[in-house]
Amino acid sequence: MTSFASIAPQLEQQAIELPSWAFGNSGTRFKVFGSPGTPRDPFEKVSDAAQVNKHTGLAPTVALHIPWDLVDSYSDLKKHAEDNGVGLGTINSNTFQDDDYKLGSVTHSDPRIRQKAIDHHFACIDVMNETDSRDLKIWLADGTNYPGQDDMRARQDRLTDSLQQIYARLGDDQRLVLEYKFFEPAFYHTDVPDWGTSYAQVAALGDKAMVCLDTGHHAPGTNIEFIVMQLLRLGKLGSFDFNSRFYADDDLIVGAADPFQLFRILSEVIRGGGYGSDSGVAFMLDQCHNIEKKIPGQIRSVLNVQEMTARALLVDRDALAAAQAEGDVLGANGIVMDAFYTDVRPDLAAWRESRGLPADPMAAYKASGYQEKIEADRVGGTQAGWGA
Ligand code: PSV
Ligand code: MN
């Protein structure tokens, strides 16, 4: 099998973007629990995200969500990020929390509401220009709850038209990534339910438009790594929103519910040339920490991605190709499983130490005193959360 030493240089290229909203409070429709030390504003969210990078070296950028992360000065927020050793990354639009969007945003039949949603995306591009962000991530809650509620084809045509207007505003080095999701909050149909619809829309837009794959946005049993393979093959995999799920869009810690699935996804990423600093695929988290502490939740998440990346890099590709060519079904499968079952944690700990990082980032964060400090300091104000 491939040795850890031979894959270590590739691990250095790993960069995972953190979602600012993971540091705010979140919950379900039943309850959002507050927790001591939760950030009150985007500056405090960025400070917390910087802790994840400090202890892991894996998370150099933070994604923002607009309007949750509206600030008076993005250059101040950018400077704050840089002072803390991180940068600002993807800008996420949000057309799912305004009363006007009850029946849709960029697909709405009312031109006024459509224009409002398009203008929101223009405002997001203005933010990108100030933060030097590359990607505008669009996820739409648009859809219907009942058959016959609206004309699905007309909505698809309006989607095309709205996306074209947004796309036309992008700068030369900017991209649009379109995220799909098969249900929720709409329950009968959504306007971008699957990778095929996202692909059809972004392919019509042009080279700067790509698909975003959120691992929680598929029906149970979907072979997500097949989608990864296909989008890489088509040159249209722009980004991941990583998280894990047992039932629906649970937004749990990536790799927690199904580490083997994460391994399989990362294996196809590597196989398809999607891994590495020049691949153009953005690795982001999209998670909520409803009951666990948020900063350690993010540390555990990036470590899970690193661990499964290392295991996927260990797959002996030459031996696998030979077994496949011979039709050696069990031999080929055995080569993949050997890599998956390899415990890389001791090697990763030693490798981290050799690069001046803590061998155990979870323990290092716990010992740092940061959690106690924010819990003592952040008294008063309104804790950030979905909508705040
Ligand atoms: C929708 O479920 C989604 O995955 C989109 O990426 C949103 O921006 C995000 O969740 C909010 O957490
Ligand atoms: Mn997402």
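Our subject is the structure listed above.
Conventions used here
- Residues numbered from 1 in each chain as written.
- Chains lettered and ligands numbered in written order.
- Predicted model: local features only at pLDDT ≥ 70, side-chain atom pairs only at ≥ 80, totals over all residues.
- Heavy atoms only, no water.
- Helix = DSSP H or I, 4+ residues; strand = E, 2+ residues; numbered from the N terminus.
- Expected span 1.5 Å × (residues − 1).
- Buried < 20%, exposed > 50% of the residue type's maximum accessible area, 1.4 Å probe, protein only.
- Core = buried A, V, L, I, M, F, W, Y, C linked by side-chain atoms within 4.5 Å.
- Contact = heavy atoms within 4.5 Å.
- Donors = N, O, S within 2.8 Å, 3.2 Å for Na, K, Ca; no water.
- Tetrahedral: all angles 85-135°; square planar, octahedral: opposite > 155°, others 65-115°.
- Salt bridge = Lys/Arg side-chain N within 4 Å of Asp/Glu carboxyl O.
- Pairing = 2+ DSSP bridges.
- Right-handed = clockwise from strand over helix to strand, strands pointing away.

S.K.: In this structure, what is going on with helix H9 (residues 294-313)? I would like to understand it.
M.R.: The α-helix winds at 3.6 residues per turn, so residues separated by three or four positions along the chain end up facing the same way. In this model H9 runs 29 Å from its N-terminal to its C-terminal C-alpha over 20 residues, within 8% of the 28 Å that 1.5 Å per residue would give. Among the 20 residues in H9, 19 count as buried, and that is most of the element.

S.K.: Please explain the nonpolar core as it appears in this structure.
M.R.: Grouped together as the largest cluster of nonpolar side chains are 94 residues, with contacts concentrated most on Leu176, Val228, Phe240 and Phe242. Of all the elements, H9 adds the most residues to this core, at nine residues. Those residues in contact with Val228 that lie beyond four places of it in its chain are Leu213, Leu237, Phe240, Ile265, Glu268 and Val269.

S.K.: Before we go on, may I ask you to explain unusual backbone geometry in this structure?
M.R.: For the bond running from Ile66 to Pro67, omega is 20°, close enough to zero to count as cis. Tracing the backbone shows Pro67 in the loop between strand S2 (61-65) and helix H3 (74-83). The phi dihedral of Asp132 falls on the positive side, at around 60°, and the residue is not glycine. The topology assignment puts Asp132 in the loop between helix H4 (111-131) and strand S4 (135-139).

S.K.: Honestly, the coordination of the manganese ion (ligand 2) in this entry has me stumped. Any pointers?
M.R.: Around a metal, the ideal angle is 109.5 degrees if four donors adopt a tetrahedral arrangement and 90 or 180 degrees if six donors adopt an octahedral arrangement. The protein atoms donating to the manganese ion (ligand 2) are Glu179 (OE), Asp214 (OD), Asp241 (OD) and Asp286 (OD), with metal-donor distances spanning 2.1 to 2.2 Å. Here the manganese ion (ligand 2) binds six donor atoms, and the angle range of 73 to 166° at the metal identifies the geometry as octahedral. If you list the donors of the manganese ion (ligand 2) from N- to C-terminus, the spacing comes out as E-x34-D-x26-D-x44-D. Placement of the pair is Asp241 in strand S9 (residues 237-242) and Asp286 in the loop between strand S10 (282-285) and H9, with a sequence separation of 45 residues.

S.K.: Whenever I open this one, the pattern of salt bridges confuses me. Can you help?
M.R.: Pairs can form between side chains of opposite charge whenever their charged atoms are close. Tallying each qualifying case throughout the model produces 23 salt bridges. A salt bridge links Glu179 to Lys137, with the nearest nitrogen and oxygen atoms 3.4 Å apart. With a gap of 42 residues between them, Glu179 in strand S6 (residues 175-179) and Lys137 in strand S4 connect regions that are remote in the sequence. Each member of the pair, Glu179 together with Lys137, is buried. Where Arg155 meets Asp150, a salt bridge forms, and the shortest distance between an N and an O atom there is 2.8 Å. The exposure class assigned to Arg155 is buried, which follows from its relative accessible area of 1%. For Asp150, a relative accessible area of 28% puts it in the partly exposed group. Here the salt bridges share partners, and the residues they tie into one network are Arg40, Glu44, Asp48 and Arg378.

S.K.: Is there a simple way to explain the pairing of S2 in this structure?
M.R.: Successive residues of a regular strand alternate their side chains across the two faces of the sheet. The element S2 is extensively covered by neighbouring structure, given that four of its five residues are classed as buried. In this structure, strand S1 (residues 18-19) lies alongside S2, joined through two bridges in parallel fashion. Paired with Leu18 across the two strands is Val62, which belongs to S2. Taking the sense of rotation as the criterion, the β-α-β connection linking S1, helix H2 (residues 42-56) and S2 turns out right-handed. For S2 and strand S3 (residues 87-92), the ladder comprises four bridges, and the chain directions are parallel. The partner of Val62 across the bridge, within S3, is Leu88.

From the geometry alone we can't say anything about function, so treat these as descriptive.
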